[in-house]
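Remarks on the overall topology
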Amino acid sequence: MSPAPAWSSAATIRAQVQRLWDDGRLLAARVSGEALFPLELRLRQPTVAQTGERFEEVRAWIRELDAGSTTARGYGYRIVWREINHRQLGRNRIPDSVVFDSDADALRLIGRQLDARRFDQIVAAAIKLFPQLAGWLARRALAVMEQSEAWERILAILEWFVAHPRPGLYLRQLDIAGVDSKFIETRKAMLAELLDLVLPPDAIDANAFGARQFEARYGLLSKPALLRFRVLDPAHAIGGLSDLAVPLAQFVALQTRVRRVFITENEINGLAFPQMPDAMVIFGGGYGVERLAGVGWLATREVFYWGDIDTHGFAILDRLRAGVPRARSILMDSAGLMAHRALWGEEDADKRFTGQPTRLARDELALFEALRDDVFGERIRMEQERLSYGWVQQALAAL
C-alpha cells in the first residue's frame, strides 16, 4: 500500500496562517503598515504522473481544498489554478497556490478576529499617549496581547512616571489607580522596555540594568542593604544591643568610640569572634566590602580584614583598601597556611582571581602570587573557618 501523499491540505494552509500569528507578523503589520496582503501560499501538489496514477486521491484532494475556499465558505482563501496536460486524461486543472486577499480572511480562518480587534484598541490608546511606542508595539505584539487585560494599568504607570520622574519613593508608595506594587514587581522587564522609550534620558540611570536594578534605574527607593556587626566590648553596646544589622547609611552615621574594627567574611567567624576591649566585628559580605568606602569614621580606627587564604580572599582585601587604605590583614599569612596543611581545600576554578592586585603589602602579594601560580599545589585554599580557634585567639592577643 502506497503511503498517503504529502500534498498541502486545508489543515496545512491553516497551520501556515497560524504561524504568521504565532510569530507576531499578522499583528505587527497592523502597526507598521507592512503589506502582507494579498498573501499567496504555494501548495505541495501532485505531479502530472501522480494525477494519472492516483486520480481518485487527487480528486478528493481538490474537493477538500475547494471546500475550505471562499467559493464554498464565503471567507478564507482563493484558489489559484493551473492547467496540466496528461497523455491519457487530457487537460485538467489543479490548485497551484492559495491567496488570502485580506487580513480579515486570514484572521477569520484561525479565529483571531476579536484578538486583532483588541490589539488595535490597545495600539490606538498607546500611540495616542505615546507615539514613540509604535515601533515597540510592532516588535512586541505578542507580548502586548499577553498583557491585554492589564494594558490600561500599564499605560497609567507610564503616564505616572512621565509626570513624576525619579520620584524617590518606594513602589508601595506609588498612588496609581488600580495598580499595586505586586503588579509592577511582576512586570518589571516589560515596564523597563517601555519606560526607556517614554522617559527623558535624565530620568534614567543608565548604569542600572535588569529587573533587580529597576528601582535604581527609574529613581525609586529600594530595600536598603543591611550591614551586620557585633560590638565586642559590652561597654560600647548600643542601647544594650551588641549584634545589629542596619542600613549602610545608618552605619555611616554611627557614633561609636570603638578603636578597633575587624572585618570577616564567614558568618560563624563573626558570631564566634571573642570579646575584645574597644572593638567591633563587621560581617563583610565578599566584594560587598566596597560599601565600607563611604564609612568615613573608619579612617580614624584600626581596621583589620580576615578572609580566606586564597586568591579570592586577597582580591577582596585589595578592593577593601581602595576605600579603606589603612586596613590591615590578619590571619592571612603563610604561617597560618602551613600550620593547617591538613585542612587545605581547593578553590573553585570560576572564583579564582588571576589578575594583579595593586594594594597588597609585600608579604601578602608574595603569598597571593604563590597561590595563584599553584606553588603549593593546584588551587590551594585555606578557608578562614578552618583555622583552629586557638590559633585565632593567639593572633588576636598578639595585637
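Residues numbered from 1 in each chain as written. Predicted model: local features only at pLDDT ≥ 70, side-chain atom pairs only at ≥ 80, totals over all residues. Heavy atoms only, no water.

1. Focus: the overall build of the protein
The number of helices and strands found in the protein is 19 helices and eleven strands. The C-alpha radius of gyration computed for the protein amounts to 35 Å, which surpasses the reference 21 Å derived for 399 residues by more than 25%, pointing to a less compact arrangement than a globule. Reported as C-alpha extents along the three principal axes, the dimensions of the protein are approximately 110 × 55 × 35 Å. For the protein, with 399 residues in total, the buried portion stands at 44%. Just so you have it, the protein exposes about 21,000 Å², and 50% of that area is on carbon and sulfur atoms. (Helix = DSSP H or I, 4+ residues; strand = E, 2+ residues; numbered from the N terminus. Rg over C-alpha atoms; globule rule 2.2 N^0.38 Å. Buried < 20%, exposed > 50% of the residue type's maximum accessible area, 1.4 Å probe, protein only. Areas by Shrake-Rupley, 256 points an atom, 1.4 Å probe, with all protein chains shown as cover.)

2. What about the side chain of Asp308?
Positionally, Asp308 belongs in the loop between strand 8 (302-306) and helix 16 (311-323). A distance of 2.8 Å separates a polar side-chain atom of Asp308 from the backbone nitrogen of Gln384. (Polar contact = N/O pair within 3.5 Å; in protein donor to acceptor, adjacent residues only side chain to side chain.)

3. A word on the packing of helix 7 (residues 113-129) against helix 10 (residues 151-163)
The description of two helices packed together rests on the angle between their axes and the distance between the axes. Contact geometry of helix 7 with helix 10 gives a least axis separation of 11 Å together with a crossing angle of 5 degrees. The angle between helix 7 and helix 10 falls in the class roughly parallel. Taken together, the residues of helix 10 that come into contact with helix 7 (itself represented by Ile122, Ala125, Ala126 and Leu129) are Trp151, Leu155 and Glu159. (Axes fitted to C-alpha atoms, helices over the stretch in contact; angles between N-to-C directions. Parallel < 35°, antiparallel > 145°, perpendicular 65-115°, else oblique. Contact = heavy atoms within 4.5 Å.)

4. What to know about the pattern of salt bridges
A full pass over the atoms with the stated rule returns 30 salt bridges. As a salt-bridge pair, Arg30 and Asp120 come within 2.6 Å of each other at their nearest N and O atoms. Within this pair, whereas Arg30 is found in helix 2 (residues 25-32), its partner Asp120 is found in helix 7, the two being separated by 90 residues in sequence. On the basis of relative accessible area, Arg30 is assigned to the partly exposed category, the value being 30%. (Salt bridge = Lys/Arg side-chain N within 4 Å of Asp/Glu carboxyl O.)

5. Re the sheet that holds strand 7 (residues 279-283)
Hydrogen bonds along the backbone pair up the strands of a sheet, which may run parallel or antiparallel. The mixed open sheet is built from six strands, whose spatial order is 5-4-7-6-8-9. This sheet does not close on itself; its edge strands, each paired only once, are strand 5 (243-247) and strand 9 (328-329). Pairing between strand 4 (residues 226-231) and strand 5: five bridges, direction antiparallel. Looking at the pairing, Leu226 lines up with Pro247 of strand 5. The strands touched by helix 16 within the sheet are strand 6 (260-264), strand 8 and strand 9, with strand 8 carrying the most contacts at an inclination of about 155 degrees. (Pairing = 2+ DSSP bridges.)

6. What to know about the pairing of strand 8
By the criterion of burial, strand 8 is predominantly enclosed, with four of the five residues buried. A crossover links strand 8 with its parallel partner strand 9, the connecting element being helix 16, and its sense is right-handed. (Right-handed = clockwise from strand over helix to strand, strands pointing away.)

7. So, the pairing of strand 7
Buried residues dominate strand 7, accounting for five of its five residues. The alternating pattern of strand 7 places Ala279, Val281 and Phe283 and Met280 and Ile282 on opposite faces, both of which are buried. Pairing of strand 4 with strand 7 involves three bridges; the strand directions are antiparallel. Of the residues in strand 7, the one forming a bridge with Val231 is Met280. Direction of pairing for strand 6 relative to strand 7: parallel, over a ladder of five bridges.

8. Regarding helix 4 (residues 55-67)
With 13 residues, helix 4 extends 18 Å between its outermost C-alpha atoms, agreeing within 8% with the 18 Å of an ideal straight helix rising 1.5 Å per residue. All buried positions along helix 4 are accounted for by Val58, Trp61, Ile62 and Leu65. The buried residues of helix 4 occupy an angular sector of 100 degrees when projected down its axis, which confines them to one face. (Expected span 1.5 Å × (residues − 1). Arc of directions from axis to C-beta.)

9. Things to note about the nonpolar core
Among the nonpolar cores identified, the biggest contains 68 residues, and Phe100, Trp151, Phe161 and Ile184 are the most heavily contacted of them. Per-element accounting of this core gives the leading share, seven residues, to helix 10. Leave out the neighbours within four places in its chain, and Ile184 touches Ile157, Leu171, Leu174, Val179, Leu191 and Phe214. Core analysis: the second largest hydrophobic core is formed by 48 residues, Val246, Leu254, Phe262 and Phe368 among them. (Core = buried A, V, L, I, M, F, W, Y, C linked by side-chain atoms within 4.5 Å.)

10. What to know about helix 2
Every buried residue of helix 2 is listed here: Leu26, Leu27, Ala28, Ala29 and Val31. Where the residues of helix 2 are buried, they touch helix 1 (10-22), helix 6 (103-109), helix 7, helix 8 (134-139) and helix 9 (141-146). Count one or two residues on from helix 2 and you reach Gly33, which has phi positive near 85 degrees.

11. Description of the environment of Met382
With respect to the element layout, Met382 can be found in the loop between strand 11 (380-381) and helix 19 (389-398). Placed 44 residues apart in sequence, Met382 and Met338 show a C-alpha to C-alpha distance of 9.6 Å.

12. Let's talk about the packing of aromatic side chains
Taken as a whole, this structure holds twelve aromatic pairs when the rule is applied. Taking the centre distance of 6.0 Å and the plane angle of 75 degrees together, the rings of Tyr77 and Phe100 count as edge-to-face. Highlighted residues: Tyr77 in the loop between helix 5 (70-73) and strand 2 (78-86) and Phe100 in strand 3 (residues 90-100), separated in sequence by 23 residues. Phe100 matches Tyr77 in its accessibility class, with the two residues each being buried. (Phe/Tyr/Trp six-rings, centres within 6.5 Å; stacked < 30°, edge-to-face > 60°.)

13. A closer look at the packing of helix 16 against helix 18 (residues 362-372)
The contact between helix 16 and helix 18 brings their axes to 9 Å, and the two run at 145 degrees. Regarding helix 16 and helix 18, the two cross each other, and that crossing is left-handed. Mapping the contact onto sequence places Thr311, Phe314, Leu317 and Arg321 in helix 16 and Glu364, Leu367, Phe368, Leu371 and Arg372 in helix 18. Among the residues forming the contact of helix 16 with helix 18, the class breakdown is five nonpolar, one polar and three charged. (Left-handed = near helix turned anticlockwise from the far one by under 90°. Nonpolar A, V, L, I, M, F, W, Y, C, P; charged D, E, K, R; others polar.)

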